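An overview of the molecular structure
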Amino acid sequence: MNTPRVLFQFDTDDQPSTFDGVVAVDAGVDHLFRHGSVTPENVASLVHGAMFTRGAKALRSTAIFIGGTDVLAGEQLLSKVTSTFFGPVRVSVMLDSNGSNTTAAAAVVTAAQHCSLMNCRALVLAGTGPVGRRVARLLGRHGCDVRIGSRSPQRAEQAAAEISVGLKDSSIHGVSTAGDDALQAAMAGCQILIACGAAGVTLIEQTTLDTAADLKLLIDLNAVPPAGLEGVEPTDKGRRDARERICYGALGVGSLKMKIHRRAIEHLFACNDAILDAEAIYALGETLLG
Amino acid sequence: MNTPRVLFQFDTDDQPSTFDGVVAVDAGVDHLFRHGSVTPENVASLVHGAMFTRGAKALRSTAIFIGGTDVLAGEQLLSKVTSTFFGPVRVSVMLDSNGSNTTAAAAVVTAAQHCSLMNCRALVLAGTGPVGRRVARLLGRHGCDVRIGSRSPQRAEQAAAEISVGLKDSSIHGVSTAGDDALQAAMAGCQILIACGAAGVTLIEQTTLDTAADLKLLIDLNAVPPAGLEGVEPTDKGRRDARERICYGALGVGSLKMKIHRRAIEHLFACNDAILDAEAIYALGETLLG
Amino acid sequence: MNTPRVLFQFDTDDQPSTFDGVVAVDAGVDHLFRHGSVTPENVASLVHGAMFTRGAKALRSTAIFIGGTDVLAGEQLLSKVTSTFFGPVRVSVMLDSNGSNTTAAAAVVTAAQHCSLMNCRALVLAGTGPVGRRVARLLGRHGCDVRIGSRSPQRAEQAAAEISVGLKDSSIHGVSTAGDDALQAAMAGCQILIACGAAGVTLIEQTTLDTAADLKLLIDLNAVPPAGLEGVEPTDKGRRDARERICYGALGVGSLKMKIHRRAIEHLFACNDAILDAEAIYALGETLLG
């Protein structure tokens, strides 16, 4: 009998996500241990159950998934989980609170399909949130000249500084997006525009969007009408608009996001020491393209 | 690989029912996601996990079961769950809070085995509660002349009016069952008597019961002594008493109830848009008879 | 189709133990129903879900595991669970709160491998706690002359009296271990020393330990440095120290403990009426030796 694949689902919300649960079993997990209300304070003994129940060879058949709507809480949980391990006594862990990592990976993999990131400039709208930061960092790591947009230029610059830490030769800057003039300035010279805003909030209107001469690719990660980028539909998946710009909506990048999520879950069981945060998940996403 | 069958168990109690869980896995569910303390307020995001994780063909491999001891809370949850779906993006749902639907279906299927419902009159004792209402409505839908009994005639008439909504040509009336005279009047002309009262409460005594000349079938859904219908044992399963009346107790209809429950769970995975409330569950129960 | 093996995991802590969960699935459980915050007040209806869902032959495919960090709470839960059963309507139950039963069984099976318990004297340090009491009772049942050590001689004697109840011809006594003189007196004539103290607390220092002339076997169940018995390492597994004493640490008895735990879970499904507390689990442990 093979050792069954057990995934611990640690969710920072009261009710553990059913979404993450279905993806896990569709990725081949045999037993899913679903926990809500997991915190840095109560997680250590739950992690011990992964560390001390199976021998060295079988450790790779246990893994941990961290989810929930609060990405910051998920990041703190990931930190506590990995610090509980010692030496080879560890299991693989994935963080995808609020779908942040798989969404960011899917957006940037999609961008890389259409643009050479090394030679591009991108504007990430609502770039100071957890998805925006991940998108910006992934773009920056792959050589893209990145602008992080926020209504508050101070927050934009702070986010840019924080996510630039540890990146060599990257160019990530904060820009203001408060008002049409600022938006136009922010879009100048950008080929890529990715909107990472809250559900149902329009970040930029069609008329303003149409002033940007260089835009080739529009990705809107908001699935709830009205659109984050006016004119982009949630179901857009490579559609060319009237100006020949390639458009993707949230559902349009959704199927790739789901594939990346399942692929990442599968990868957890390939070894016992993977830590799947934004960059590792992006790397898995790249392997999914033909 | 076939898509695994995932059932979301939404329970309105703190601890999700183990009873409903065992029936689910015995009906072939591969993965059971068990949630307690589910409310109309927190259920929408849990439902999204059913709607947005699988493609159109695989949607039928996810389903939702609603349970818990509070039938009213379950009904409210069912309403919220079905209103969260849109268009074809939906999964099958079953409501069986407190076993109300499977119990009512088993009682009425049992009654239909022994009596032609079209030509019968039935008295439903404690008919204003969730099981009683379901029993009365199922009987009424199949042409039975139904009397809903309650110690309060106002409550009885109100329940009769509420459950008659949408039924054509049905005859459902409220009657008082406060005192022996009222009980005797209520039983006059009835071939069927079904007791749906609380556990361990006797609703009618043997001597009163013996005054009813036309009774052919006694069904007592209370499993906890003393009996709801004095003289009927929980294990009675078609026993004829001294007056040749056919008797069923709660355990006597229990095996059919369990078969209906399992059959209903199986049916959830036959399509992605079933809503299994009292009538649909009754229809499944009918198919189980040889 | 075989009836799937369902284990109800009743945990007295808020978060049900992942450790116990992994061992269960590694022992062949098909579906694990994990419940936290289980109390004597809310457990009865959860037990009903085991009793009333499956027919007589299939009852053995449902079982109950009681765990959590609080052994006393677990014992109270076991009592409530078994009193909920009636007649043949029951399922097998195992208690292993805080690993107390499997740990005690592993320690005493290990001791019996090296010493003839019938002809030995043993000192159980921190013997008034739940693991210590189980170790002492198992030793006493097998003919060992047992001393229960505690810093409080009153508590030691009370524990000795309590666990002697129902044991014939056993010799279990309480002794003081407060201070080096008391420890030396307590160890006099003992071949076996088993430390059952709290994590990271040294119960006896090397110099004191070395005054005991008769000791042949040292077992320290504390896995967290510093050692409970100074000089014994957690990983010791039959190591002979400078005085030719055989040493076991917590990890050294851990692999046997895990085997016993898995074996006990498997045994739950061999019948529908096993109650696996300390002695039954010890008996299963004995069968594991070649």
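Residues numbered from 1 in each chain as written. Chains lettered and ligands numbered in written order. Predicted model: local features only at pLDDT ≥ 70, side-chain atom pairs only at ≥ 80, totals over all residues. Heavy atoms only, no water.

Brief notes about the overall build of chain A
Counting its regular elements, chain A contains 10 helices and 12 strands. Taken over C-alpha atoms, the radius of gyration comes to 19 Å for chain A, in line with the 19 Å a tight globule of 290 residues would show. A principal-axis box enclosing the C-alpha atoms of chain A has dimensions of 60 × 35 × 35 Å. Considering only residue pairs separated by 6 or more positions, chain A has 72% of its internal contacts joining residues 24 or more positions apart. Carbon and sulfur atoms make up 50% of the accessible area of chain A, which totals about 11400 Å². Separation between the mean location of the 26 positive side-chain charges and that of the 30 negative ones in chain A comes to 7 Å. (Helix = DSSP H or I, 4+ residues; strand = E, 2+ residues; numbered from the N terminus. Rg over C-alpha atoms; globule rule 2.2 N^0.38 Å. Contact = heavy atoms within 4.5 Å. Areas by Shrake-Rupley, 256 points an atom, 1.4 Å probe, with all protein chains shown as cover. Lys, Arg positive; Asp, Glu negative; His and termini not counted. Charge placed at Lys NZ, Arg CZ, Asp CG, Glu CD.)

A few points about the nonpolar core
Judged by nonpolar contacts, the single largest core of 77 residues is most densely connected at Leu-7, Val-135 and Leu-139 of chain B together with Phe-10 and Ile-64 of chain C. Counting residues per element, this core draws most heavily on helix H4 (residues 100-114) of chain B, at seven residues. When sequence neighbours within four positions are dropped, the list of residues in contact with Leu-139 of chain B reads Val-108, Leu-117, Ala-122, Val-124, Cys-144, Val-146 and Ile-194 of chain B. (Core = buried A, V, L, I, M, F, W, Y, C linked by side-chain atoms within 4.5 Å. Buried < 20%, exposed > 50% of the residue type's maximum accessible area, 1.4 Å probe, protein only.)

Focus on the relation of the copies chain B and chain C
Put simply, the second copy of the chain is the first one after a rotation about an axis and a shift along it. Take chain B, turn it by 120 degrees, move it 0.0 Å along the axis, and it overlays chain C with an RMSD of 0.0 Å. These values place the two chain copies in the arrangement generated by a three-fold rotation axis. The position closest to the rotation axis in chain B is occupied by the C-alpha of His-31 of chain B, lying 4.6 Å away. Mapped onto chain C, only 7% of the interface residues of chain B again fall at the interface, so the copies present different surfaces. (Least-squares fit on C-alpha atoms with pLDDT ≥ 70 in both.)

Things to note about the interface of chain B and chain C
At the junction of the two partners, chain B supplies 15 residues and chain C supplies 20 residues. Broken down residue by residue, the surface that chain B buries against chain C is led by Gln-15, Thr-18 and Val-22 of chain B, which jointly contribute 45%. Applying the counting rule to chain B against chain C returns five residue pairs in polar contact (both at pLDDT 80 or more). Of all the secondary structure elements, the ones that give two or more residues to the side of chain B that touches chain C are helix H1 (18-26), strand S2 (31-35) and helix H9 (250-268) of chain B. Among the elements that make up the side of chain B that touches chain C, the one with the highest residue count is H1 of chain B (seven residues). Each residue belonging to the side of chain B that touches chain C can be placed in one class, and the counts come to eight nonpolar, three polar and four charged. (Buried area = accessible area lost by both parts, 1.4 Å probe. Polar contact = N/O pair within 3.5 Å; in protein donor to acceptor, adjacent residues only side chain to side chain. Nonpolar A, V, L, I, M, F, W, Y, C, P; charged D, E, K, R; others polar.)

A short note on the interface of chain A and chain C
In this assembly, 20 residues from chain A lie in contact with 15 residues from chain C. Around 1200 Å² of area is buried between chain A and chain C when both sides are counted, 63% of it from carbon and sulfur atoms. Ranking the residues of chain A by area buried against chain C places His-31, Phe-33 and Thr-53 of chain A at the top, with a combined share of 42%. The tally of links from chain A across to chain C stands at one salt bridge. Asp-26 of chain C is the salt-bridge partner of Arg-54 of chain A, the closest N and O atoms lying 2.6 Å from each other. (Salt bridge = Lys/Arg side-chain N within 4 Å of Asp/Glu carboxyl O.)

Structural notes on the environment of Asp-241 of chain A
All names here are of chain A. Mapped onto the elements of the fold, Asp-241 is located in the loop between strand S10 (237-240) and strand S11 (246-248). For the pair Asp-241 and Leu-229, spaced 12 residues apart in sequence, the C-alpha separation works out to 13 Å. Leaving out residues up to four positions away in the same chain, Asp-241 has contacts with Leu-218 and Cys-247. There is a polar contact of 2.9 Å between the side chain of Asp-241 and the backbone nitrogen of Arg-245.

Quick notes on the relation of the copies chain A and chain C
Its rotation angle being 120 degrees, the transformation that places chain A on chain C also includes 0.0 Å of axial translation and leaves an RMSD of 0.0 Å. When the interface residues of chain A are mapped onto chain C, a mere 5% of them again lie at the interface, so each copy presents a different face.

Here's the deal with unusual backbone geometry
All names here are of chain B. Residue Pro-226 follows Pro-225 across a cis peptide bond; omega there is -5 degrees. Inspection of the secondary structure assignment puts Pro-226 in the loop between strand S9 (217-220) and strand S10 (237-240). A positive phi angle is found at Ala-126, which is not glycine, with a value near 55 degrees. In this structure, Ala-126 sits in the loop between strand S5 (121-125) and helix H5 (130-141). At Asp-169, a residue that is not glycine, the phi angle is positive and equals roughly 55 degrees. Relative to the helices and strands, Asp-169 resides in the loop between helix H6 (153-164) and strand S7 (171-176).

Focus: the domain arrangement of chain A
All names here are of chain A. Looking at chain A, the domain boundaries give domain 1 (6-99 + 256-287) and domain 2 (104-253). Between the C-alpha centres of domain 1 and domain 2 there is a distance of 28 Å. Domain 1 puts 13 residues into the contact, and the matching count from domain 2 is 14 residues. Connecting domain 1 to domain 2 are four salt bridges. Here domain 1 is connected to domain 2 by five residue pairs in polar contact (both at pLDDT 80 or more). Listed by contribution, the elements that provide at least two residues to the side of domain 1 that touches domain 2 are helix H3 (71-84), helix H9 (250-268) and helix H10 (278-287). Looking at the side of domain 1 that touches domain 2, the element that brings in the most residues is H10, giving six residues. A per-class count over the side of domain 1 that touches domain 2 returns seven nonpolar, one polar and five charged. (Domains from an automatic or database assignment.)

Some remarks on the packing of aromatic side chains
Under the defined criterion, the tally for this structure stands at nine aromatic pairs over all chains. Ring geometry for Phe-8 of chain C and Phe-33 of chain C: centres 5.5 Å apart, planes at 15 degrees, overall stacked. Pair noted here: Phe-8 of chain C is in strand S1 (residues 6-11) and Phe-33 of chain C is in strand S2 (residues 31-35), with a separation of 25 residues, a long-range link. Centroid distance Phe-52 of chain C to Phe-86 of chain C: 6.3 Å. Interplanar angle 40 degrees. Geometry classified as tilted. With Phe-52 of chain C in the loop between helix H2 (43-51) and strand S3 (62-67) and Phe-86 of chain C in the loop between helix H3 (71-84) and strand S4 (92-95), the pair connects residues that are 34 residues apart, well separated along the chain. Owing to a relative accessible area of 47%, Phe-86 of chain C belongs among the partly exposed residues under this scheme. Among the aromatic residues, ring-to-ring pairing joins Phe-8, Phe-10 and Phe-33 of chain A into one connected group. (Phe/Tyr/Trp six-rings, centres within 6.5 Å; stacked < 30°, edge-to-face > 60°.)

Quick notes on the side chain of Thr-103 of chain A
Tracing the chain through its elements places Thr-103 of chain A in helix H4 (residues 100-114). Ignoring anything within four residues of it in the chain, the contact list for Thr-103 of chain A reads Val-131, Leu-221 and Lys-257 of chain A.

Focus on the packing of helix H9 (residues 250-268) of chain C against helix H10 (residues 278-287) of chain C
Residues and elements named next belong to chain C. Remark: H9 packs on H10, axes separated minimally by 9 Å, with the N-to-C direction vectors making an angle of 110 degrees. By the angle between their directions, the pair H9 and H10 is classed as roughly perpendicular. Relative to H10, the crossing made by H9 is right-handed. Facing Ile-260, Arg-263, Ala-264 and His-267 of H9, the residues of H10 in contact are Ile-281, Leu-284, Gly-285 and Thr-287. Grouping the amino acids of the contact of H9 with H10 by side-chain chemistry returns four nonpolar, three polar and one charged. (Axes fitted to C-alpha atoms, helices over the stretch in contact; angles between N-to-C directions. Parallel < 35°, antiparallel > 145°, perpendicular 65-115°, else oblique. Left-handed = near helix turned anticlockwise from the far one by under 90°.)

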